[in-house]
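Residue strings, one per chain:
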Amino acid sequence: MGTTVAKVLISYDVSAKNPEVKAALLALNYYDHFTLGSASRVYELPNTTLWHKTKSSDQAMSDMKKVCADLRVTLEKAVAVNADEFVGL
């Protein structure tokens, strides 16, 4: 299941440098917000949650581990899930 390419949501905790971790993931085309409805309302995700349009959960976790290794921070916990359909408030 982890190799299915679709929308993926990843949430994580790191030991330090969260702004740098988030910036690195945003540079890899992850998003920290989504748009819903005819009015195109923008919803911000929680601070350490991102999503990607075309990654598998395995790819997202691999990206997260690489970013953390490159920045020399500890990935304390993370979860990546297939999110073909989600709603928010």
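See the structure printed just above.
Owing to the predicted nature of the structure, the values given are computational and were not obtained by experimental measurement. (Residues numbered from 1 in each chain as written. Predicted model: local features only at pLDDT ≥ 70, side-chain atom pairs only at ≥ 80, totals over all residues. Heavy atoms only, no water.)

All right, on to the packing of helix 1 (residues 18–27) against helix 2 (residues 57–71) then. One can describe the packing of helix 1 onto helix 2 by two numbers: an axis separation of 10 Å at closest approach and a directional angle of 130°. When the interaxial angle is binned, helix 1 and helix 2 end up oblique. Relative to helix 2, helix 1 is oriented so that their crossing is right-handed. Contact residues: Glu-20, Val-21, Ala-24 and Leu-25 in helix 1; Asp-63, Met-64, Val-67 and Leu-71 in helix 2. In terms of residue class, the contact of helix 1 with helix 2 is made up of 6 nonpolar, no polar and 2 charged. (Axes fitted to C-alpha atoms, helices over the stretch in contact; angles between N-to-C directions. Helix = DSSP H or I, 4+ residues; strand = E, 2+ residues; numbered from the N terminus. Parallel < 35°, antiparallel > 145°, perpendicular 65-115°, else oblique. Left-handed = near helix turned anticlockwise from the far one by under 90°. Contact = heavy atoms within 4.5 Å. Nonpolar A, V, L, I, M, F, W, Y, C, P; charged D, E, K, R; others polar.)

Within the fold, Ala-78 resides in strand 5 (residues 75–82). Residue Ala-78 is classed as partly exposed on the basis of its relative accessible area, which comes to 30%. Taking C-alpha positions, Ala-78 is 8.4 Å from Met-64, a pair spaced 14 residues apart along the chain. For Ala-78, the residues in contact, after removing those within four places along its chain, are Ser-11, Tyr-12 and Met-61. (Buried < 20%, exposed > 50% of the residue type's maximum accessible area, 1.4 Å probe, protein only.)

So, on to helix 2. For helix 2, spanning 15 residues, the distance from its first C-alpha to its last is 21 Å, which sits close to the expected 21 Å at 1.5 Å a residue. Every buried residue of helix 2 is accounted for by Ser-57, Ala-60, Met-61, Asp-63, Met-64, Val-67 and Cys-68. Buried residues of helix 2, seen end-on, are gathered within an arc of 155° and therefore sit on one face of the element. Exposed positions of helix 2 whose direction lies more than 90 degrees from the buried face are Lys-65, Lys-66, Ala-69 and Asp-70. One or two residues past the end of helix 2 sits Arg-72, with phi positive at roughly 55°. (Expected span 1.5 Å × (residues − 1). Arc of directions from axis to C-beta.)

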